[in-house]
Amino acid sequence: MNNALIHKTSLFFKETFHAEPEIIVLSPGRINIIGEHIDYNDGFVLPAAIDKIICFAFRKNESNASRIIAIDLEDELELDLQSPILLSDKVWTNYIRGVLLQLKKGGFEFQGFDCVFSSNIPVGSGLSSSAALECGLLFGINELFKLNIKPVDIALMGQKAEHWVGINCGIMDQFSSVMGLENKVLKIDCKTLEYEYHNADFNDYSLVLFDSNVKHSLFTSEYNTRRDECEEGLTILKNNFPQINSFRDCTENQVLSVKDKMTTNVFKRSHFVIKEINRVQLACEALDKGNIDVLGELMFETHGGLSTDYEVSCAELDMIVATLKKEEAVIGSRLMGGGFGGCTINLIKKGQEEMIKNKLSALYLDTFGIELRIYDVKIGNGTSLYKPN
Ligand code: GLA
C-alpha cells in the first residue's frame, strides 16, 4: 500500500521539478490504545504509530522561496522565507506555516526547498494526520539542512505549530508519530516525556478501527474548553492541597472531597482525568501480562468516562461502542482521540472480524444513513527517511 504512495509522490516530484528528490520522508498517523485527554494533564498515554502515512519528497532549491504541493488537494503553497508568516484561510497551509514559524523562532537557518506530499491517512478521523504533516515536514527540513534537531524536539515543535493553528493539544500525537516503533506501543509519561516501548501483542484479538465518518464542528472549541476546565479543576485542588502540583499527585478521594468547590463540569472533567491516569497504568500491566480481557474492560470504562464525564463523545460513537459491547467477539471498544466523531478503536476476536464488520456496518447505515469506514491498521515505525532497497 505504501509503496504505491511512495512511487506516486516521487514521480509527481520528478514531473513537476524535473529533478530527482533528494530525500523521501515517511511520517505516520497514530492510534491510541488508552489514555485519552490526559496528555495535557500530566498523565500517561499508550499510543502507537501506524502503517498509514504521509509521504514527502524534498529537494533544496538554492533560493529563499519554498514551493510545497499537496498532491491530494491539488493545491500548492509558495512562501518567501524572508516574509512574515501569518495564518491563512487555507487551513492545510497553516500547518506548514506553523512549522516554518517554529523553525524561524528557534533560530534555525535554512533556505528554500521544493516539496510535494501525499497521504493515505484519513483526514478528520482522529488518526492525527496533522501531526504527521507537521512532524514529516520538520523531519525533512532537519535532514535537508542538517539542523541537528533531536526527535523529541521535532515532536515538541510540531505541537507548538498545532497550537499556533488553534488547537491547544497535548504531546501525544506528535510524540507517537516521531517515536513510534513497529509492533510496539509507546507508554509516554507526559509529565516528564520519559517513554518506554511495550509489545503490541493482543493475543487472539485483532485491532480494528471503525470510523464513524462524522466530524462535528465543535471539536476545536470544545477541546480548548476541556483544557481550561481541567486547569480550573487543578487550581482548586492545589488551593486545597498545597502538596499537589499536577493531577499526577492527586488521589480520587482528594477530587471527591472538593466536589462542592467545583462547578459540575469542572468536577466531572477532573474526576475523569484521575481515573483515566490510573486506567493507563492498569492497562499497560494487563497488556504486558497478556490479560487482554482486562485491557478490553478498561477500554470500555474509558469510553463511558469520555461519554458521560468528559462529554466528548457523540451519538454515532456511543452507538458503535454500545453495539459492540453486546458482542461476545468484541473484548474492548472506545472512542479514540479528541472525540466528537472520528474512530473507535476495537479489539475483535480473530476469525470473527468480518462478521462484526458486516453486522455493525449494516446497523450503522440503517441508524444514521452513514457509511461506516473500516481500517485494519498495523503498528509501524515513526517518522523516517525512506531508503529504497
Ligand atoms: C487530540 C490531541 C491530543 C490528545 C487527544 C485526546 O488528538 O491532539 O494531544 O489530547 O486529542 O487524547
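Coordinates for the structure precede this section.
Residues numbered from 1 in each chain as written. Predicted model: local features only at pLDDT ≥ 70, side-chain atom pairs only at ≥ 80, totals over all residues. Heavy atoms only, no water.

Participant: Looking at this structure, I do not really get the site of the ligand. What am I missing?
Facilitator: Residues in contact with the ligand, as listed here, are Arg30, Glu36, His37, Asp39, Tyr40, Cys169, Gly170, Met172, Asp173, Tyr223, Gly337 and Gly338. Between the ligand and Asp39, the relevant distance is 2.5 Å, taken from an oxygen atom to a side-chain nitrogen or oxygen of the residue. Within the backbone of Gly338, one N or O atom sits 3.4 Å away from an oxygen atom of the ligand. Surface burial for the ligand is 94%, taken as the share of its 300 Å² of free accessible area covered by protein chains. The site holding the ligand turns out to be the largest pocket. (Near = heavy atom within 4 Å. Polar contact = N/O pair within 3.5 Å; in protein donor to acceptor, adjacent residues only side chain to side chain. Areas by Shrake-Rupley, 256 points an atom, 1.4 Å probe, with all protein chains shown as cover. 1 Å grid on protein atoms, 1.4 Å probe; cavity = no way out; pocket = protein on both sides within 12 Å on 5 of 7 lines; lining within 4 Å. Sits in = over half its atoms within 2 Å of the grid points.)

Participant: Any chance you could explain the side chain of Asn224 here in plain terms?
Facilitator: Along the chain, the position of Asn224 falls in helix H6 (residues 219-240). A distance of 3.0 Å separates the side chain of Asn224 from the backbone oxygen of Gly166, its partner in a polar contact. Contact partners of Asn224, with chain neighbours within four places excluded, come to Gly166, Ile167 and Asn168. (Helix = DSSP H or I, 4+ residues; strand = E, 2+ residues; numbered from the N terminus. Contact = heavy atoms within 4.5 Å.)

Participant: What am I meant to see in the sheet that holds strand E9 (residues 205-215) here?
Facilitator: What holds strands together in a sheet is hydrogen bonding between their backbones, with the strands either parallel or antiparallel. Sheet architecture is open: four strands sit in the order E10-E11-E9-E12, paired in antiparallel fashion. Two strands lie at the open edges of the sheet, namely strand E10 (330-335) and strand E12 (373-375), each paired on one side alone. Adjacent strand axes in the sheet meet at a mean angle of 20 degrees, parallel and antiparallel pairs treated alike. Sheet analysis places E9 next to E12, joined by three bridges and oriented antiparallel. The residue of E12 that forms the bridge with Leu209 is Tyr375. (Pairing = 2+ DSSP bridges. Axes fitted to C-alpha atoms, helices over the stretch in contact; angles between N-to-C directions.)

Participant: Help me understand the pattern of salt bridges, please; the structure alone is not making it clear to me.
Facilitator: Any two side chains of opposite charge can pair, given that their charged atoms come close. Scanning all chains against the criterion turns up 23 salt bridges. Between Glu36 and Arg334 there is a salt bridge whose closest N-O contact spans 2.7 Å. In this pair, Glu36 sits in the loop between strand E1 (23-32) and strand E2 (44-45) while Arg334 sits in strand E10, placing the two residues 298 residues apart along the sequence. Looking at Glu36, the relative accessible area reads 1%, which means it is buried. Judged by its relative accessible area of 0%, Arg334 falls in the buried class. Note that Lys150 is salt-bridged to Asp153, the shortest N-O span being 3.9 Å. (Salt bridge = Lys/Arg side-chain N within 4 Å of Asp/Glu carboxyl O. Buried < 20%, exposed > 50% of the residue type's maximum accessible area, 1.4 Å probe, protein only.)

Participant: Is there a simple way to explain the packing of H6 against helix H8 (residues 264-289) in this structure?
Facilitator: When two helices pack together, their arrangement is given by the angle between their axes and by how far apart the axes lie. H8 packs onto H6 with a crossing angle of 85 degrees between their chain directions and a minimal axis gap of 8 Å. Considering their axes alone, H6 and H8 lie roughly perpendicular with respect to each other. Across the interface between the two elements, Arg226, Glu229, Cys230, Glu232 and Gly233 of H6 pack against Asn265, Val266, Arg269, Ser270 and Val273 of H8. Across the contact of H6 with H8, the residue classes break down as three nonpolar, three polar and four charged. (Parallel < 35°, antiparallel > 145°, perpendicular 65-115°, else oblique. Nonpolar A, V, L, I, M, F, W, Y, C, P; charged D, E, K, R; others polar.)

Participant: How do you make sense of the pairing of E10 when you look at a structure like this?
Facilitator: Burial analysis of E10 places six of its six residues in the buried class, which makes it a mostly covered element. Across five bridges, E10 lies against strand E11 (residues 341-349) in antiparallel orientation. If you follow Leu335 over to E11, its bridge partner there is Thr344. If you look at the hairpin formed by E10 and E11, you'll find five residues sitting between the two strands, and Gly337 has a positive phi there, around 90 degrees.

Participant: Is there a simple way to think about a nonpolar patch on the surface in this case?
Facilitator: The grouping of Leu181, Tyr195 and Tyr197 at the surface amounts to a nonpolar patch, some 240 Å² of accessible area in total. With respect to the element layout, Leu181 can be found in the loop between helix H5 (172-179) and strand E7 (184-189). A residue is classified by how much of its surface remains accessible, and Leu181, at 34% relative accessible area, is partly exposed. (Patch = residues over 30% accessible without salt bridge, like charges linked within 9 Å, V, L, I, M, F, W, Y side chains within 5 Å.)

Participant: Please clarify how unusual backbone geometry should be interpreted in this entry.
Facilitator: Across the chain, the bulk of peptide bonds are trans and the bulk of non-glycine residues have phi less than zero. Even without being a glycine, His37 presents a positive backbone phi close to 60 degrees. Secondary-structure assignment places His37 in the loop between E1 and E2. We note that Lys146 has phi near 50 degrees; this positive angle belongs to a residue other than glycine. As for its position among the elements, Lys146 is in the loop between helix H3 (129-144) and helix H4 (151-165).

Participant: Looking at this model, I keep getting lost on the packing of aromatic side chains. Mind explaining?
Facilitator: One pair of aromatic rings is described through two measures. These are the centre distance and the angle between the planes. Using the criterion set out here, one finds twelve aromatic pairs in the structure. Ring centres of Phe13 and Phe17 lie 4.8 Å apart, and the angle between their planes is 50 degrees; this geometry places the pair in the tilted category. Of this pair, Phe13 and Phe17 both sit in helix H1 (residues 2-17), four residues apart, which is roughly one turn of that helix. When sorted by exposure, Phe13 lands in the same class as Phe17, which is buried. Measuring from ring centre to ring centre gives 4.9 Å for Phe272 and Tyr310, while their planes differ by 45 degrees; the resulting arrangement is tilted. Highlighted residues: Phe272 in helix H8 and Tyr310 in the loop between helix H9 (292-308) and helix H10 (315-325), separated in sequence by 38 residues. Comparing Phe272 with Tyr310 shows no difference in burial state: the two are buried. Linked through ring pairs, Phe56, Phe58, Trp92, Phe113 and Phe117 together constitute an aromatic cluster. Sitting above the plane of the Phe44 ring, Lys187 keeps its charged end 4.8 Å from the centroid. (Phe/Tyr/Trp six-rings, centres within 6.5 Å; stacked < 30°, edge-to-face > 60°. Lys NZ or Arg CZ within 6 Å of the ring centre and 35° of its normal.)

Participant: Quick question: what am I supposed to make of the environment of Ser257 here?
Facilitator: Within the secondary structure, Ser257 is located in helix H7 (residues 252-257). Counting along the chain gives 61 residues from Ser257 to Asp318, while the straight-line C-alpha distance between them is 30 Å.

Participant: Would you mind going over the sheet that holds strand E13 (residues 384-385) with me for this structure?
Facilitator: Strand order in this open sheet of six strands is E5-E4-E6-E3-E1-E13, and the pairing throughout is mixed. The outermost strands of the open sheet, each flanked by one partner alone, are strand E5 (75-80) and E13. Pairing geometry for E1 and E13, over two bridges, is antiparallel. Residue Val25 lies in a different strand from E13, and its bridge partner there is Leu385. Running over the sheet, H1 touches E1, strand E3 (47-60), strand E4 (65-70) and strand E6 (113-119) and is turned about 145 degrees from E6. Along the sheet face, helix H2 (residues 91-105) touches E4, E5 and E6 and points at about 30 degrees away from the line of E5.

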